[in-house]
Amino acid sequence: MSMMKTIKMSGAVLVMSLGMAHAVSAQTAEEFYSGSPVTIMVSAPAGTLSDVLARQFAIFFSRHIPGEPDIIVMNVAGAGGMVAAGQLQNNQPADGSVIGFLQRNNLYRSLVDGTNDTFDPREVEWIGSLNKEKYAIVASEQSPVQTADDMFTTPMVIGATGFANENRTLAALMNDHLGTQFDIIHGYSGREEVYLAMERGEVDGWLPTITGLITGDQARQVAEGEMTVLMQLGWENDPAFPDLPNFSDYVEDPEVEALIDFLILPFEAGRPLAVPAGVPEDRVAVLRDAFTATMEDPEFMALMEEAGSPLEPISGAEIATVVGELYATPESTLEDVRTLVTATD
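Residues numbered from 1 in each chain as written. Predicted model: local features only at pLDDT ≥ 70, side-chain atom pairs only at ≥ 80, totals over all residues. Heavy atoms only, no water.

Q: Got a minute to help me understand the overall build of the protein chain in this structure?
A: Helix and strand counts for the protein chain come out as 13 helices and eleven strands. Taken over the C-alpha atoms alone, the protein chain extends approximately 90 × 45 × 35 Å along its principal axes. (Helix = DSSP H or I, 4+ residues; strand = E, 2+ residues; numbered from the N terminus.)

Q: What is the right way to read the packing of aromatic side chains from this model?
A: Any two aromatic rings considered together are summarised by their centre-to-centre distance and by the angle between their planes. Under the counting rule described, the total for this entry stands at eleven aromatic pairs. Note on Phe57 and Phe101: the rings are 6.4 Å apart at their centroids and 50° apart in plane angle, and the pair reads as tilted. Within this pair, whereas Phe57 is found in helix α3 (residues 49-64), its partner Phe101 is found in strand β3 (residues 98-101), the two being separated by 44 residues in sequence. Each of the two residues, Phe57 as well as Phe101, counts as buried. Judged by centre distance (5.6 Å) and plane angle (85°), the rings of Tyr195 and Trp206 are edge-to-face. (Phe/Tyr/Trp six-rings, centres within 6.5 Å; stacked < 30°, edge-to-face > 60°. Buried < 20%, exposed > 50% of the residue type's maximum accessible area, 1.4 Å probe, protein only.)

Q: Got a minute to help me understand the sheet that holds strand β9 (residues 227-232) in this structure?
A: Strand pairs in the sheet, formed through backbone hydrogen bonds, run parallel or antiparallel to each other. Overall, mixed pairing links the five strands, which are arranged β7-β6-β8-β5-β9 in an open sheet. With one partner strand each, in any of the chains shown, β7 (182-186) and β9 form the two edges of the open sheet. Bridging between strand β6 (residues 156-160) and β7 involves five bridges; their strand directions are parallel. In the sheet register, Gly159 faces β7, and the bridge partner there is Ile185. Running over the sheet, helix α6 (residues 166-178) touches β5 (136-140), β6, β7, β8 (205-206) and β9 and is turned about 155° from β7. (Pairing = 2+ DSSP bridges. Contact = heavy atoms within 4.5 Å. Axes fitted to C-alpha atoms, helices over the stretch in contact; angles between N-to-C directions.)

Q: Mind showing me how you'd approach helix α13 (residues 331-342) here?
A: Note that an α-helix has 3.6 residues per turn; residues three or four places apart therefore point the same way. Look at α13: 15 Å from first C-alpha to last across twelve residues, which is about the 16 Å you get at 1.5 Å a residue. Buried residues along α13 sit against α5 (109-112), α6 and α9 (254-264). (Expected span 1.5 Å × (residues − 1).)

Q: So what exactly am I meant to see when it comes to the pattern of salt bridges here?
A: Taken as a whole, this structure holds 16 salt bridges when the rule is applied. Two residues, Glu125 and Arg288, come together in a salt bridge whose shortest N-O distance is 3.4 Å. In this pair, Glu125 is assigned in strand β4 (residues 124-129) and Arg288 in helix α10 (residues 281-295), connecting sequence segments 163 residues apart. Given a relative accessible area of 29%, Glu125 falls into the partly exposed group. In this structure, Glu202 and Arg200 form a salt bridge, with 2.7 Å as the shortest nitrogen-oxygen distance. According to the relative accessible area criterion, Glu202 is partly exposed, its value standing at 38%. (Salt bridge = Lys/Arg side-chain N within 4 Å of Asp/Glu carboxyl O.)

Q: Is there a simple way to explain the nonpolar core in this structure?
A: Grouped burial of nonpolar side chains is what soluble globular proteins tend to show. Judged by nonpolar contacts, the single largest core of 58 residues is most densely connected at Trp126, Met151, Met174, Phe182, Leu233 and Phe262. Not counting chain neighbours up to four residues away, the residues in contact with Phe182 comprise Ile137, Met151, Met156, Ile158, Ala171, Met174 and Asn175. Grouped together as the second largest cluster of nonpolar side chains are 31 residues, Val42, Leu53, Phe57 and Ala58 included. (Core = buried A, V, L, I, M, F, W, Y, C linked by side-chain atoms within 4.5 Å.)

Q: Any chance you could explain a negative patch on the surface here in plain terms?
A: Taken together, the side chains of Glu252, Asp253, Glu255, Glu257 and Asp261 define an acidic patch exposed on the protein surface. Among the secondary structure elements, Glu252 is positioned in the loop between β9 and α9. (Patch = residues over 30% accessible without salt bridge, like charges linked within 9 Å, V, L, I, M, F, W, Y side chains within 5 Å. Areas by Shrake-Rupley, 256 points an atom, 1.4 Å probe, with all protein chains shown as cover. Lys, Arg positive; Asp, Glu negative; His and termini not counted. Charge placed at Lys NZ, Arg CZ, Asp CG, Glu CD.)

Q: Would you take a moment to explain the confidence of the model for the protein chain for this structure?
A: Should the pLDDT be low somewhere, the predicted coordinates at that spot are not to be read in detail. Per-chain confidence: the protein chain averages 90 in pLDDT, with 91% of residues scoring 70 or above. Overall, residues 1-24 carries pLDDT values under 50, and its contacts beyond four positions in sequence, including any with other chains, amount to three contacts. (pLDDT = per-residue confidence, 0-100.)

Q: Explain the sheet that holds strand β10 (residues 272-276) to me, please; I cannot follow it from the model alone.
A: Reading across the sheet, the six strands line up as β2-β1-β3-β10-β4-β11 and stay open at both edges, with mixed pairing between neighbours. The open sheet has two edge strands with one neighbour each: β2 (71-75) and β11 (314-315). Alignment of β3 against β10, held across two bridges, turns out to be antiparallel. Residue pairing in the sheet places Phe101 in a bridge with Leu273 of β10. Running over the sheet, α10 touches β3, β4, β10 and β11 and is turned about 15° from β4.

Pasting the structure below:
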């Protein structure tokens, strides 16, 4: 092939490439979503509460995206949501076709756990979060501990899921810094298994979310005295349990207060959604607008209320603010957090 022919062919390829790039850039967000399905990666196993909520959310979310694309829900579980978060940031296309339905601990795990360095929450575009989470401590009817004050004088066996999960780290914090006498057994697969362990007498209680206590069988157990809510793990109480003691009743040390603040700040973004960095701004804006519209959809709001997961949304910008505050945490506090989150028994 002559050099002149090579130059002509190269020029043709360049013109075609530029034309394709212009077509992509000229494509509106509505045109993109009219012709492309959207995948929501759920960072939890199928059948879990996060998975169920993601699938319900997807139905309504699609209706509010211009073009109403089909939405595929895909489960990518592992490492407390960090597998999905890492895949979202490093392996998924930055075109707005893949959204991560992540976990609140993804906002700080990379900051405190050196083994989880595949995801940086500052390097994605946050879309919004469905709700806020609040934790409490509950005791079974047969537990030797039946009041919050009992926790400081009487041993209590606490069930927990993952080692780095809040239902273990908050209990460990209280042992180390407030003087509770919890014997923490972690490794249960989920809330259902912990409640079965309580029924069998293997454990005396555990640390559930407030939303997990206000509907279903757990709400019945609380109402009928089969389970006692001892304390709320925050500075203010949820309206469902306005008279419980909370951290304000037991914490005086500013360093302990700072440690608690770090651990509970991510609760403001209980179920956060994100897309990879580099997604075109107009598509990010469309997804954020669709998220807001979904949160204000009366039918979806009613469905979440009925399911015991009332919406308390925050925006993508607010999630980014939470992340910024976490990453501004002094190193001395981070060292305390690392002890709780990464220590081994």
